[in-house]
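Fold and contact review
Here is how the chains run, residue by residue.
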Amino acid sequence: MKLMCRVLEVSEQGYFQWYRVKRYLKAKRKRRLCALMRRIFHSHKRRYGSPRVWKELGKMKVIAILFSKIGPKMRGTYCI
């Protein structure tokens, strides 16, 4: 770690601070995505599967996400 920070000319403290913020923002995006997916799923009487949810997310133009990521997130207990 020290070598990497020296090569990149950053302090270790600065690196770890950046890393924590990066993880926080990623988790925040994931929570937002799950909330949108839940809203779409429930607003259509729980009949939409991952293809339709993905299309709805595309229509909303809120985020860009790979279709292959939607199914596992919907099946996961933390999303729907």
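See the structure above.
Residues numbered from 1 in each chain as written. Predicted model: local features only at pLDDT ≥ 70, side-chain atom pairs only at ≥ 80, totals over all residues. Heavy atoms only, no water.

Moving on, we come to the overall build of the chain. When helices and strands are tallied, the chain shows 4 helices and 0 strands. Ordered by position from the N terminus, the helices and strands of the chain form the series α-α-α-α. Here the chain, with 80 residues, has 25% of them falling under the buried criterion. A fraction of 40% describes how many contacts in the chain between residues 6 or more apart in sequence connect residues 24 or more apart. (Helix = DSSP H or I, 4+ residues; strand = E, 2+ residues; numbered from the N terminus. Buried < 20%, exposed > 50% of the residue type's maximum accessible area, 1.4 Å probe, protein only. Contact = heavy atoms within 4.5 Å.)

Among soluble globular proteins, nonpolar side chains are generally buried collectively. Grouped together as the largest cluster of nonpolar side chains are 12 residues: Leu33, Cys34, Leu36, Met37, Ile40, Phe41, Tyr48, Val53, Leu57, Ile70, Met74 and Cys79. Put simply, the parts of the chain that give this core at least two residues each are α2 (12-43), α3 (50-60) and α4 (67-75). (Core = buried A, V, L, I, M, F, W, Y, C linked by side-chain atoms within 4.5 Å.)

Side chains that differ in charge, positive against negative, can pair when their charged atoms come close. One pass over the full model with this rule turns up 1 salt bridge. One salt bridge connects Lys59 with Glu56, and the closest N-O pair in it is separated by 3.5 Å. One end of the pair is Lys59 and the other is Glu56, both in helix α3 and 3 residues apart, which spans about a single turn. On the basis of relative accessible area, Lys59 is assigned to the exposed category, the value being 61%. Under the relative-accessibility criterion, Glu56 is labelled buried at 18%. (Salt bridge = Lys/Arg side-chain N within 4 Å of Asp/Glu carboxyl O.)

As a further point, take α2. If you check α2, its first and last C-alpha atoms are 47 Å apart, about what 32 residues at 1.5 Å a residue would give, namely 46 Å. Just beyond α2, the residue with positive phi is Lys45, at close to 55 degrees. (Expected span 1.5 Å × (residues − 1).)

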